[in-house]
Amino acid sequence: MNVEISQTSLEEVRRAGAEATAMAEQAHAITIRDGEHFKTAGECLQGIKGELRDLETRRKTITGPLHKAKKAVDALFKPATESLKAAEKSLKTSMGNYVAEIQRQQDDATRAAAAAAAANKPVKEVEALLIKTTEIEAPRVEGVSTRQVTKFEIEDASQLPRNFLVPDMVKIRAAVMSGVIPAGVRTWEETSIAARSN
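Residues numbered from 1 in each chain as written. Predicted model: local features only at pLDDT ≥ 70, side-chain atom pairs only at ≥ 80, totals over all residues. Heavy atoms only, no water.

Engineer: Teacher, can you tell me more about the overall build of the protein chain here?
Structural biologist: When its secondary structure is counted, the protein chain shows four helices and zero strands. Listing the helices and strands of the protein chain from first to last along the sequence gives α-α-α-α. For the protein chain, with 198 residues in total, the buried portion stands at 9%. Here the contacts in the protein chain between residues at least 6 apart in sequence split such that 60% fall between residues at least 24 apart. Roughly 17,300 Å² of accessible area belongs to the protein chain as shown, and the carbon and sulfur atoms make up 57% of that amount. Here the protein chain holds 29 positive side-chain charges and 28 negative ones, and the gap between their average locations is 2 Å. (Helix = DSSP H or I, 4+ residues; strand = E, 2+ residues; numbered from the N terminus. Buried < 20%, exposed > 50% of the residue type's maximum accessible area, 1.4 Å probe, protein only. Contact = heavy atoms within 4.5 Å. Areas by Shrake-Rupley, 256 points an atom, 1.4 Å probe, with all protein chains shown as cover. Lys, Arg positive; Asp, Glu negative; His and termini not counted. Charge placed at Lys NZ, Arg CZ, Asp CG, Glu CD.)

Engineer: In this structure, what is going on with the pattern of salt bridges? I would like to understand it.
Structural biologist: Where charged atoms from two side chains of opposite charge approach closely, those side chains can pair. Scanning the model with the defined rule gives ten salt bridges in all. The salt bridge involving R104 is made with D108; its shortest N-O contact spans 2.5 Å. Remark: D108 and R104 occur in helix α2 (residues 35–118); sequence separation between them is four residues, near one turn of the helix. Measuring nitrogen to oxygen at the nearest pair gives 2.6 Å for the salt bridge that ties R111 to D108. On the criterion of helical spacing, the pair formed by R111 and D108 is a turn pair, its members being three residues apart in helix α2. A single salt-bridge network, built from bridges that share partners, covers E101, R104, D108 and R111. (Salt bridge = Lys/Arg side-chain N within 4 Å of Asp/Glu carboxyl O.)

Engineer: Sorry if this is basic, but what is going on with the packing of α2 against helix α3 (residues 123–135) here?
Structural biologist: When two helices pack together, you describe them by how their axes are tilted relative to each other and by the distance separating the axes. Between α2 and α3, the shortest axis-to-axis distance is 8 Å and the interhelical angle comes to 165 degrees. By the criterion of interaxial angle, the relationship of α2 to α3 is roughly antiparallel. Helix-helix and strand crossings are classified by hand; for α2 and α3 the assignment is left-handed. Where α2 abuts α3, its residues Q106, A109, T110, A112, A113, A116 and A117 lie against V126, L129, L130 and T133. (Axes fitted to C-alpha atoms, helices over the stretch in contact; angles between N-to-C directions. Parallel < 35°, antiparallel > 145°, perpendicular 65-115°, else oblique. Left-handed = near helix turned anticlockwise from the far one by under 90°.)

Engineer: Mind showing me how you'd approach unusual backbone geometry here?
Structural biologist: A negative phi angle is the norm for most residues apart from glycine, just as the trans form is the norm for most peptide bonds. You will see that N120, though not glycine, has its phi angle at about 55 degrees, which is positive. Structurally, the position occupied by N120 is in the loop between α2 and α3. Judged by its relative accessible area of 70%, N120 is exposed.

Right under this line is the structure:
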């Protein structure tokens, strides 16, 4: 898909950018000392909201087709990439299981050699067992490596130390809005201004 932005559209965006800069400078210059200044600030705020709405509409006329095209391309490639990702996962799991089995066999052979040495078995027998540990090895494939990764899962969340817990801000906000203030939470009031665009 070929998305073109006309010279007219570019000029409109540049002009809107200059207007937005002027509006922002005007807004920053307002100092509210009385009701008349408050009214001027409110009118300016409504103008800014309207300009933001108009800019967003213009932006979406450019980005909308791009998003639509990206979504179509993603959908086109999705079956193939999902299939390959599933195959990759399957192979990695199988290879990981094989490497884990090789490691288990090496550990068993090492324990057997240590037990033979501790039981004062003949040196030749202990050496044979040690040689066996070096013979048990997963084949190497150029470009493929293995590493040990520590994994974990939480078995009992109530046992976790406090410093590993994260407050649930959504639940705290819901409690505060319903008038229940949880211990350790401070509340205060701030004035919020809302404006419609003109």
